[in-house]
Amino acid sequence: MNSAMKKYINNKIVASLLGLLTLVSMVRCSHDYPIDEDGLLITGRGSCYVSNFELLGTDFVSVVTSTTAIPATSTTPAIPSTRNVVIDTTALTINVEVALGTDLKNLYPQFTLVTDAKLDPKITGKVDFSDLSNPKTYAVISGNRRVRKEYTIYVTVQQ
Amino acid sequence: MKLKHIYQLPGFLLLLIFAVACEDDAYEVPQAKREFQNDCIKRSLGPNLVNNRLEFAYAMALPKDMGKIVSAQVEASIPGVVEPVITNGTFLEHRAYSTDGGGNDKAVQVADPSSTEGNLTKVTLTRDTFAVTLRYFYKIPQEAKGQKVTFTFSATDSNGRTVSMKMGPYTISAMDMVLDSTVTDNTEMYISIADMATYTAAQAAAIPDKIDLVYLYRALVQQPAPAPALTFKHALVAPAADPVYLPGVTLPAGVNKDTKIIKTLNLRDQQLARLQYGIFIDDLDFEKLDTSTATNFAINLKGEAGVWVETADRQYRAYVYINAVNDGSKNMRISIKRLKMF
């Protein structure tokens, strides 16, 4: 093989490598994963539920009441204090009792959702829960964005 | 010429750079300027409230062989308040301070106590001094409220040379502040934001239009466990609030204002709380306050909590900070900042 031919083959190899590199770069630039309208990843998860719920007052302190713990006696075991939030994932309800004197017009709800799920509408600030006869509803949307469940929040005020 | 060793040249140059860069310059004590100089800092922080004091530290110095400092003075654009006890009002220190090993101020007297006439506060040095820092306190007068105040610090040396420095302008807050009022259940339980004072029922009956808040303490009957704890305790409630928040209270005739209240926690303004927290409520906080959805009661208030308040006529906005609560004597100590909105 003469030197001119060697040079030609070398140039060919370099050009091929460059072409391959460009192709790889182009492929890498495309989106591998689908995202929704909020820029959130759409995953394969179909679970759709609320795992915890909290309500904060204007002072950012929880307004949810808790039962008083009962100490153990010689015949009965101790009963610990529990928060008065009942989340029913079948009936899609959240029953919450708030303390006497809670300012229902200015509450910050906090939801804990299953992995990859999202909430609709989004919580952007204070929410008015004062109309107890028209309870608020929030929808949970699953990670694959195919399941949507409307939860209703029933607030009662401690008497 | 053969360029056989040309590739070794960059390495050699790099080594040379390292060798040069590693050389340490010997430290030299900076030479002081051969002139009379001064400098000033403002030491006090936060909104500048009427009857509070601004504090500055004014430093002046000249080389020892060039003479001594003869006098120092401060000219305020608005005369400060002078008190009978000079150190309680506007004054320029006649003592220089250094800090001892325990962190305490150690004073050295360098001049006679300052004199303030009108805008001018002055000290004449009585001790040979070529470098000193003097503190200046300016007690803000009522007439400066909402205005800007500037200060001109100046010093004169024994050669007649003068140095000076301008500080400011500083905006004087339009807020009012009252510290440590005590409200007690069933006695001094009526609060007027307009007067920034507390009243008994009899006094409140005479000025019902000025009563914005009612203080009360209630210990509610607790249902047996596991019923949740029912707490009312210390409360600030508008006279027009739902009577459920005024249990056992008979309001004096005409006391009926619907004051707006927003409960807060951990907003420990340094001027109200006088604690270590570097938080200051300023005029802007009141101007930007959104009371559109505010309620008219706040119960179960704790020490170091507070409430934002807007009077029913919207003329005043205030922040009532709770310095301390006492369940036993059913009272609480409050401090108030207030801004007149129009």
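Worth saying up front: this structure is predicted, and the values here are computed from it rather than measured. (Residues numbered from 1 in each chain as written. Chains lettered and ligands numbered in written order. Predicted model: local features only at pLDDT ≥ 70, side-chain atom pairs only at ≥ 80, totals over all residues. Heavy atoms only, no water.)

Engineer: What exactly am I supposed to notice about the nonpolar core here?
Structural biologist: Side chains that are nonpolar tend, in soluble globular proteins, to be buried together. Judged by nonpolar contacts, the single largest core of 34 residues is most densely connected at Phe56(B), Met60(B), Tyr136(B), Tyr138(B), Phe151(B) and Phe153(B). Broken down by secondary-structure element, the contributors of at least two residues to this core are strand E2 (53-61), strand E3 (69-76), strand E9 (131-139), strand E10 (148-157) and strand E11 (162-171) of chain B. For Phe153(B), the contacting residues outside a window of four places in its chain are Asn38(B), Cys40(B), Phe56(B), Tyr58(B), Gln73(B), Val74(B), Tyr136(B), Val163(B), Ser164(B), Met165(B) and Met167(B). Among the nonpolar cores identified, the runner-up in size contains 24 residues, and Val50(A), Leu92(A), Ala117(A) and Ile153(A) belong to it. (Core = buried A, V, L, I, M, F, W, Y, C linked by side-chain atoms within 4.5 Å. Buried < 20%, exposed > 50% of the residue type's maximum accessible area, 1.4 Å probe, protein only. Helix = DSSP H or I, 4+ residues; strand = E, 2+ residues; numbered from the N terminus. Contact = heavy atoms within 4.5 Å.)

Engineer: Help me understand the side chain of Thr259(B), please; the structure alone is not making it clear to me.
Structural biologist: Residues and elements named next belong to chain B. Inspection of the secondary structure assignment puts Thr259 in the loop between strand E16 (233-237) and strand E17 (260-265). Among the polar contacts listed, one links the side chain of Thr259 to the backbone oxygen of Asp212, at a separation of 2.5 Å. With residues up to four places along the chain from it excluded, the contact list for Thr259 reads Asp212, Leu213, Ala238, Pro239, Thr295, Asn296, Val309, Glu310, Thr311 and Ala312. (Polar contact = N/O pair within 3.5 Å; in protein donor to acceptor, adjacent residues only side chain to side chain.)

Engineer: I'm lost on the sheet that holds strand E21 (residues 331-340) of chain B in this one. Help?
Structural biologist: Backbone-to-backbone hydrogen bonds join strands into a sheet, with any given pair of strands oriented parallel or antiparallel. Residues and elements named next belong to chain B. Within the open sheet, the 5 strands sit side by side as E12-E21-E20-E19-E17. Their pairing is antiparallel. Looking at the sheet topology across the chains shown, the edges are occupied by strand E12 (175-184) and E17. Averaged over all pairs of adjacent strands, the angle between their axes in this sheet comes to 20°, without regard to strand direction. Inspection of the sheet shows strand E20 (residues 316-326) paired to E21 by 10 bridges, in the antiparallel sense. Counterpart to Ala324 in the pairing with E21 is Arg333. (Pairing = 2+ DSSP bridges. Axes fitted to C-alpha atoms, helices over the stretch in contact; angles between N-to-C directions.)

Engineer: Where do I start with the environment of Phe129(A) in this structure?
Structural biologist: Residues and elements named next belong to chain A. Looking at where Phe129 falls in the secondary structure, it is placed in the loop between strand E5 (118-120) and strand E6 (136-141). Taking the C-alpha atoms as reference points, Phe129 and Ser74, 55 residues apart in sequence, are found 43 Å from one another. The residues contacting Phe129, other than those within four sequence positions of it, are Leu55, Leu104, Lys105, Leu107, Pro109, Lys136, Ile153 and Val155.

Engineer: Would you mind showing me how to read the UniProt feature "domain: DUF4466" (unreviewed entry) in chain B here?
Structural biologist: This chain's UniProt record puts "domain: DUF4466" (unreviewed entry) on residues 24-341 of chain B. Across residues 24-341 of chain B, helical content stands at 5% and strand content at 43%; the span's end C-alpha atoms are separated by 63 Å. (UniProt positions renumbered as here; feature names shortened; annotations may be inferred.)

Engineer: It is not clear to me how the domain arrangement of chain B should be interpreted in this structure. Could you clarify?
Structural biologist: A common way to express how large an interface is: the accessible area buried when the components associate. Residues and elements named next belong to chain B. Here the domain parsing of chain B yields domain 1 (37-171) and domain 2 (175-340). Computed from C-alpha atoms alone, the centre-to-centre distance between domain 1 and domain 2 is 40 Å. Taken together, the contact pairs 6 residues of domain 1 with 8 residues of domain 2. Of the roughly 610 Å² buried where domain 1 meets domain 2, counting both sides, 61% is carbon and sulfur surface. The largest share of the area that domain 1 buries against domain 2 comes from Pro47, Leu49 and Lys145, three residues that together contribute 72% of it. At the surface where domain 1 touches domain 2, the tally comes to 1 salt bridge. With a closest N to O distance of 2.6 Å, Asp176 and Lys145 form a salt bridge. Per-class residue counts for the side of domain 1 that touches domain 2 are 3 nonpolar, 2 polar and 1 charged. (Domains from an automatic or database assignment. Buried area = accessible area lost by both parts, 1.4 Å probe. Salt bridge = Lys/Arg side-chain N within 4 Å of Asp/Glu carboxyl O. Nonpolar A, V, L, I, M, F, W, Y, C, P; charged D, E, K, R; others polar.)

Engineer: For this particular structure, what's the right way to read the pattern of salt bridges?
Structural biologist: Here the idea is simple: oppositely charged side chains can pair when their charged atoms come close. A full pass over the atoms with the stated rule returns 28 salt bridges over all chains. Where Arg95(B) meets Glu93(B), a salt bridge forms, and the shortest distance between an N and an O atom there is 3.0 Å. On the basis of relative accessibility, which here comes to 23%, the residue Arg95(B) falls in the partly exposed class. One continuous salt-bridge network, built from bridges that share partners, spans Asp36(A), Glu37(A), Asp38(A), Lys118(A), Lys122(A) and Arg145(A).

Engineer: Is there a simple way to explain the side chain of Thr90(B) in this structure?
Structural biologist: Looking at the element boundaries, Thr90(B) is found in the loop between E3 and strand E4 (91-92). Looking at Thr90(B), its side chain comes within polar contact range of the main-chain nitrogen of Lys139(B), at 3.0 Å.

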